[in-house]
Amino acid sequence: MRRSFEELVAEAEAVSVAGWDFSWLEGRATEERPSWGYQRAMAERLARASAALDIQTGGGEVLAGAAKLPPVMVATESWPPNVAKATALLHPLGAVVVADEDEPPLPFGDAAFDLVTSRHPVTVWWEEIARVLRPGGTYFSQQVGPASVFELVEFFLGPQPEDVRRARHPDDACRAAEAAGLEVVDLRAESLRTEFFDIGAVIYFLRKVVWMVPGFTVEEYREQLRELDALIRRDGLFVAHTTRFLIEARKPDGV
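First, a word on what this report is: a plain description of the structure on this page. Each chain has its residues counted from 1, running along the sequence as written. In keeping with the predicted nature of the model, local features appear solely for residues at pLDDT of at least 70, side-chain atom pairs appear and are counted solely at 80 or more, and the whole-chain, interface and lining totals rest on all residues. The basis for the side-chain values is all heavy atoms of the structure; hydrogens and waters are excluded.

Looking at the overall build of the chain
Moving on, step 1. Here a strand is any run of E in DSSP of at least two residues, a helix any run of H or I of at least four, and the numbering for each starts at the N terminus. A tally of regular secondary structure across the chain gives ten helices and eight strands.
Moving on, step 2. Between the two quantities, the radius of gyration covers C-alpha atoms and the globule rule is 2.2 Å times the number of residues to the power 0.38. Radius of gyration (C-alpha) of the chain: 19 Å, near the 18 Å computed for a compact globule of 255 residues.
Moving on, step 3. Residue exposure (1.4 Å probe, protein chains only): buried if accessible area is under 20% of the type maximum, exposed if over 50%, otherwise partly exposed. When the 255 residues of the chain are sorted by exposure, 49% land in the buried category.
Moving on, step 4. Contacts between residues were defined by any pair of non-hydrogen atoms, one from each residue, lying within 4.5 Å. The long-range fraction of contacts in the chain, counting pairs at least 24 apart against all pairs at least 6 apart in sequence, stands at 69%.
Moving on, step 5. Entry remark: accessible area of the chain is about 11,800 Å², with carbon and sulfur atoms responsible for 53%.
Moving on, step 6. Averaging the locations of the 27 positively and 40 negatively charged side chains of the chain gives two centres separated by 5 Å. Reported accessibility uses the Shrake-Rupley method at a 1.4 Å probe radius. Residues are deemed covered only where the shown protein chains occlude them. Positive charge is attributed to Lys and Arg, negative charge to Asp and Glu, and no charge count is given to His or to the chain ends. Charged groups are reduced to one reference atom each: NZ for lysine, CZ for arginine, CG for aspartic acid, CD for glutamic acid.

Written as structure tokens, this is what we have:
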């Protein structure tokens, strides 16, 4: 690696982290993809829907990849830069973007949608999802699982307690969905190899995925960043493991 620590830091601090597009990491980091192919499976469901809602759409990149959107297509997002980006991307495709604080209630009437989707939601309000689904409607989501990329998280924060490591467990999501009156029809989980090839990639990732190391700044963690930079230069990469789970839940007919 010929570029200095300071050069890599300056570059990663300057780049925009708006949206949910990780293409800046191409050649600098890799992440295995889950075997189920969320975007393809989501697109198949969207093509059959009459009215759909995508919650926490980010910059709209995943939704925009669907070949066919339903006649009524709405997306919500809370972060203003993402709202603007998603609006520019999705409006030409016929989708409406609604700025929403990601707190209940969802700004829609009861039984408004036959499909609700969400890729990597930060928080899932199961009762609200059940409320806005029509009887027979489906919630389809890929979510971050427990202790995801915790090799990196614990490099900066130290060992985390067991309750933190277990948070976002798919079994808990299943129980919460059922408590809201939904029937879980599919639940799958995988651990996926993730590799970072330079310290700039790590900084970009932590700036973008802000809940990994809350309050992360280069100045606050400069010492650990230098240590990790030296490790990556020695080994050629830093390896972590991402956890993902897929959940599909149906609202029973007549409810």
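Description of helix α10 (residues 222-235)
One turn of the α-helix equals 3.6 residues, which is why residues spaced by three or four share an orientation.
Moving on, step 1. Expected helix span is computed as 1.5 Å times (number of residues minus one). Taking 1.5 Å of rise per residue, 14 residues should cover 20 Å, and α10 covers 20 Å from first to last C-alpha, within 8% of that figure.
Moving on, step 2. Buried within α10 we find L225, L228, D229 and I232. Viewed along the axis of α10, the buried residues span an arc of 110°, placing them on a single side of the element. In this structure, α10 carries E223, E227 and R234 as exposed residues pointing more than 90 degrees from its buried face.
Moving on, step 3. The secondary structure elements touched by the buried residues of α10 are α1 (5-14), α6 (150-157), β7 (183-196), α9 (199-208) and β8 (238-250).
Moving on, step 4. Looking one or two places after α10, you find G236, whose phi comes out positive at around 90°. Note that the arc is defined by the directions from the helix axis to the C-beta atoms.

Re the sheet that holds strand β1 (residues 29-31)
Moving on, step 1. A sheet is described by the order of its strands in space; here eight strands give the open sequence β1-β7-β8-β6-β5-β2-β3-β4, paired in mixed fashion. Of all strands in the sheet, those bounded by a partner on one side alone are β1 and β4 (96-99). Taking each pair of neighbouring strands and ignoring which way they run, the sheet shows an average axis angle of 15°.
Moving on, step 2. In this description, a line fitted to the C-alpha atoms serves as the axis of each element, helices being fitted only across the stretch in contact, and the angle between N-to-C directions of two axes falls anywhere from 0 to 180 degrees. Running over the sheet, helix α8 (residues 170-179) touches β7 and β8 and is turned about 150° from β7. If DSSP finds at least two bridges between two strands, the strands pair.

Details of the side chain of E61
Moving on, step 1. Along the chain, E61 falls in helix α3 (residues 61-64).
Moving on, step 2. From its side chain, E61 meets the backbone nitrogen of G59 in a polar contact 3.3 Å long.
Moving on, step 3. Every residue in contact with E61, bar those within four places of it in the chain, is listed here: G19, W20, D21, Q39, K85 and L89. Nitrogen and oxygen atoms within 3.5 Å of one another constitute a polar contact, given that in protein one can donate a hydrogen and the other can accept it, and given that sequence-neighbouring residues count only through two side-chain atoms.

Focus: the packing of α9 against α10
Moving on, step 1. Across the interface, α9 lies against α10 with an axial gap of 9 Å and an inter-helix angle of 135°. Comparing the axis directions of α9 and α10 gives the class oblique. Residue-level contacts link I199, V202 and I203 of α9 to L225, L228, D229 and I232 of α10.
Moving on, step 2. Each residue gets one of three labels, nonpolar for Ala, Val, Leu, Ile, Met, Phe, Trp, Tyr, Cys and Pro, charged for Asp, Glu, Lys and Arg, and polar for the others, Gly among them. Each residue belonging to the contact of α9 with α10 can be placed in one class, and the counts come to six nonpolar, no polar and one charged. Put simply, angles under 35 degrees are roughly parallel, angles over 145 are roughly antiparallel, angles from 65 to 115 are roughly perpendicular, and the rest are oblique.

Some remarks on the pairing of β4
Moving on, step 1. Pairing analysis gives four bridges linking strand β3 (residues 72-77) to β4, with the strands arranged parallel. If you follow V74 over to β4, its bridge partner there is V96.
Moving on, step 2. We call a crossover right-handed when, viewed with the strands running away from us, the connection from the first strand over the helix to the second turns clockwise. Traced from β3 through helix α4 (residues 80-90) to β4, the parallel crossover comes out right-handed.

With respect to the packing of aromatic side chains
Moving on, step 1. Aromatic rings from Phe, Tyr and Trp, with only the six-membered ring used for Trp, were paired whenever their centres fell within 6.5 Å, and each pair was classed as stacked if the ring planes differed by under 30 degrees, edge-to-face if by over 60, and tilted otherwise. Under the criterion given, the structure shown has ten aromatic pairs.
Moving on, step 2. With a centroid separation of 5.1 Å and 75° between ring planes, the pair formed by W126 and Y139 is classed as edge-to-face. In this pair, W126 sits in helix α5 (residues 126-132) while Y139 sits in strand β6 (residues 133-144), placing the two residues 13 residues apart along the sequence.
Moving on, step 3. A relative accessible area of 9% places W126 in the buried class.
Moving on, step 4. On the accessibility criterion, Y139 (1% relative accessible area) is buried.
Moving on, step 5. By way of ring pairs, the aromatic residues F155, F156, F216, Y221 and F238 are connected into one cluster.
Moving on, step 6. Whether a charge sits over a ring depends on NZ of Lys or CZ of Arg being within 6 Å of the ring centre and within 35 degrees of the ring normal. Note that R45 overlies the ring of F140, its terminal NZ or CZ placed 4.1 Å from the centroid.
Moving on, step 7. The ring of F22 is capped by K208, whose NZ or CZ atom sits 5.2 Å from the centre of that ring.

A word on the environment of R168
Moving on, step 1. Mapped onto the secondary structure, R168 falls in the loop between α7 (162-166) and α8.
Moving on, step 2. Using a relative accessible area of 34% as the deciding quantity, one classes R168 as partly exposed.
Moving on, step 3. As for R168 and T217, which are separated by 49 residues in sequence, their C-alpha atoms are 25 Å apart.
Moving on, step 4. With residues near it in sequence (within four places) discarded, R168 still touches P121, V122, V144, G145, P146 and F245.
Moving on, step 5. Here the side chain of R168 touches P121 through a polar contact of 2.7 Å, landing on its backbone oxygen.

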